Amino acid sequence: MKNILITFCFLLSIYTHSQQQITLDQAIEIAQKKSPEYKALINQNQASYWRFRNFKASFLPQLRLDATLPSYSNSINRLTNDQGEDIFVQTNQSRLQGNLSLNQNLGFTGGTLSFSSQVERVDLFTNDATRFAVVPFSINYRQNSIFYNEFKWNKKIEPLLYEEAKRDFIEGMEAISLNTTRRYFALLKAQVQAKIAQSNFSNQDTLFQISKGRFKMGKIAENDLLQIELSVLNSKNEVTTNEIDIKRTSQNLARYLDLETENLLLNAPKELSIFTVTVEKALEEAKSNRKAVIEFRRRRLQAEQDVAEVKGNNRLQLRLNANFGISQQGDDFNNLFQDYNQQQNVSISVGVPILDWGVSKSRRKLVEANKDLVNTNVEQDEQEFEQEIYLHTLNWKNQRNFLEIAQKAQEIATKRYDITKKRFILGKITITDLNIALQEKDRAALSYLNSLEKFWTDYYTLRRLTLYDFIKNEKIEVADLIYD
């Protein structure tokens, strides 16, 4: 048994020497740069960034060139002549057309204003002739709906979506801190429990050797000796179990941090400096910083947009299209740019449902009901939002006391076990009393680790819920990411 223990301690010392030491702060810093969650956050943020860039660019002038490359046609086509008769005409020609336009979306009207120039060439091979047509200048305005302005609503909603995305990125970074803390403590507890199991195994083996001598001298019964031997075997199994647990938790943390080694050595993080968090301050910062507050506004606006769209297009539908320009056509390209012909047209299309069996009304009632539902859901979400902050802040106020009590309980349980072990060696108590003290010591150690984990996870949860650093007394921010 001694040889096994010596070999295990030797291997453990080699393993410990080759381990990479890492603190909780270092683990969080690495996770916020290399973890899978960070990479997913970058992708989400990048999509939101380009969506907002696309929205802003849609209100800038757009210069566009549209061209029909030389197209050739040799076929017989049916045409209607001036007398209204259908005739068949053979065409053998090529056609080339180009259009250059400058388009501008107008947010205050909801329409699009365009300035364009157009040139066209047709080569007729049947009579070896060429025709040209040119529109040097043309102004066009089109609007799909006079009563519903989509651009106006986009200008209200898209900036909120982008602000949501930026705040969601910060919340995601804090969620990474929280997840890293949980993985860190899972490995830390496994390592501490492994040390406890190793220490218990060593102590139980020593007591077993002492008990064998006392049994030979007739000072203890065989039942007590067997009970001690059973404790040694259980301690040995506990050592093996903890080795597997360390392997599992170290893999989870190392893969999450994208580290090259799984041999990590952790230390319990230092205590935070004392700071006070009031419910009022937590709620104030959460309402100022969290994406949920922006989301509530955006959801209400989108519901109002749906109502406005249905009301704008549900009954009387009006579409406007207007054009003004000059044009010319002829056989000689050089003579096209004189004596222009004017071209202008204005069209307003009207659509009015006469009998739709309540379709328009039901569509309007549907979006109005959905708007009321959204408002009700948002109100409930706002209450849950405030309640979560309130309860967590109250819980946080007690975490430091819980941690201090757990630490004190661990010290007392350890001291009691040391005294009990000495009394057992002196033969004043039974092995049952010693095992009870050992179990209480182990439970107190695990309870302290759980309290320490709860303390740190609650701290990072508080940061995530408020996006505020109460130690530095400043908002938690990250630099804006630019994707070019």
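Scroll up for the structure.
Residues numbered from 1 in each chain as written. Predicted model: local features only at pLDDT ≥ 70, side-chain atom pairs only at ≥ 80, totals over all residues. Heavy atoms only, no water.

A look at the overall build of the protein chain
Okay, so step 1: Counting secondary structure elements, the protein chain contains nine helices and ten strands.
Okay, so step 2: Relative to the compact-globule value of 23 Å for 484 residues, the protein chain shows a C-alpha radius of gyration of 39 Å, a clear excess of over 25%.
Okay, so step 3: In terms of principal-axis extent, the alpha carbons of the protein chain reach across some 135 × 50 × 45 Å.
Okay, so step 4: Taking all 484 residues of the protein chain together, the buried fraction comes to 39%.
Okay, so step 5: Look at the contacts in the protein chain between residues 6 or more apart in sequence, and 77% of them connect residues 24 or more apart.
Okay, so step 6: For the protein chain, the accessible area works out to roughly 28600 Å², and carbon and sulfur atoms hold 52% of it.
Okay, so step 7: Between the centroid of the 63 positive side chains of the protein chain and the centroid of its 60 negative side chains there is a distance of 7 Å. (Helix = DSSP H or I, 4+ residues; strand = E, 2+ residues; numbered from the N terminus. Rg over C-alpha atoms; globule rule 2.2 N^0.38 Å. Buried < 20%, exposed > 50% of the residue type's maximum accessible area, 1.4 Å probe, protein only. Contact = heavy atoms within 4.5 Å. Areas by Shrake-Rupley, 256 points an atom, 1.4 Å probe, with all protein chains shown as cover. Lys, Arg positive; Asp, Glu negative; His and termini not counted. Charge placed at Lys NZ, Arg CZ, Asp CG, Glu CD.)

Some words on the environment of Thr276
Okay, so step 1: For Thr276, the position within the fold is in the loop between strand S6 (264-266) and helix H6 (279-289).
Okay, so step 2: For the pair Thr276 and Phe470, spaced 194 residues apart in sequence, the C-alpha separation works out to 7.8 Å.

Section: the packing of aromatic side chains
The description of two aromatic rings rests on the distance between their centres and on the angle between their planes.
Okay, so step 1: If you walk through the whole model with that rule in mind, you get 18 aromatic pairs.
Okay, so step 2: The interplanar angle of 35° and the centroid separation of 5.9 Å between the aromatic rings of Phe52 and Phe55 together place this pair among those described as tilted. Placement of both Phe52 and Phe55 in helix H3 (residues 36-57) is noted, with a separation of three residues, approximately one turn of the helix. This pair shows no difference in class: Phe52 is buried, exactly as Phe55 is.
Okay, so step 3: An aromatic cluster of at least three residues, connected via ring pairs, comprises Phe275, Trp396, Phe455, Trp456, Tyr459, Tyr460, Tyr468 and Phe470.
Okay, so step 4: In this structure, Lys155 packs its charged tip against the face of Phe59, placed 4.7 Å from the ring centre.
Okay, so step 5: Sitting over the face of the ring of Tyr417, Lys441 holds its NZ or CZ atom 5.3 Å from the ring centroid. (Phe/Tyr/Trp six-rings, centres within 6.5 Å; stacked < 30°, edge-to-face > 60°. Lys NZ or Arg CZ within 6 Å of the ring centre and 35° of its normal.)

A closer look at unusual backbone geometry
Okay, so step 1: Residue Leu467 is not a glycine yet carries a positive backbone phi of 50°.
Okay, so step 2: Relative to the elements of secondary structure, Leu467 occurs in the loop between helix H9 (431-466) and strand S9 (468-469).
Okay, so step 3: Here the phi dihedral of Asn473 falls at roughly 55°; this positive angle occurs in a residue that is not glycine.
Okay, so step 4: Tracing the sequence through the fold places Asn473 in the loop between S9 and strand S10 (474-475).

Remarks on the nonpolar core
Okay, so step 1: Counting residues in hydrophobic clusters, the biggest one holds 60 residues, and the most contacted among them are Tyr184, Leu257, Leu266, Trp396 and Trp456.
Okay, so step 2: Among the elements that make up this core, the one with the highest residue count is helix H4 (residues 150-216) (twelve residues).
Okay, so step 3: Excluding anything up to four places from it in sequence, Trp396 contacts Leu272, Phe275, Val277, Phe455, Asp458, Tyr459 and Leu462.
Okay, so step 4: Core analysis: the second largest hydrophobic core is formed by 15 residues, Ile228, Val232, Ile429 and Leu438 among them. (Core = buried A, V, L, I, M, F, W, Y, C linked by side-chain atoms within 4.5 Å.)

What to know about the packing of H6 against helix H8 (residues 359-425)
Okay, so step 1: Closest axis-to-axis distance for the H6/H8 pair is 9 Å, and the angle between their directions is 140°. Here H6 is positioned oblique relative to H8, judged by the angle of their axes. Crossing angle aside, the handedness with which H6 passes H8 is right-handed. Contacts between H6 and H8 pair Val279, Ala282, Leu283, Ala286 and Lys287 from the former with Phe385, Glu386, Ile389, Tyr390, Thr393 and Leu394 from the latter. (Axes fitted to C-alpha atoms, helices over the stretch in contact; angles between N-to-C directions. Parallel < 35°, antiparallel > 145°, perpendicular 65-115°, else oblique. Left-handed = near helix turned anticlockwise from the far one by under 90°.)

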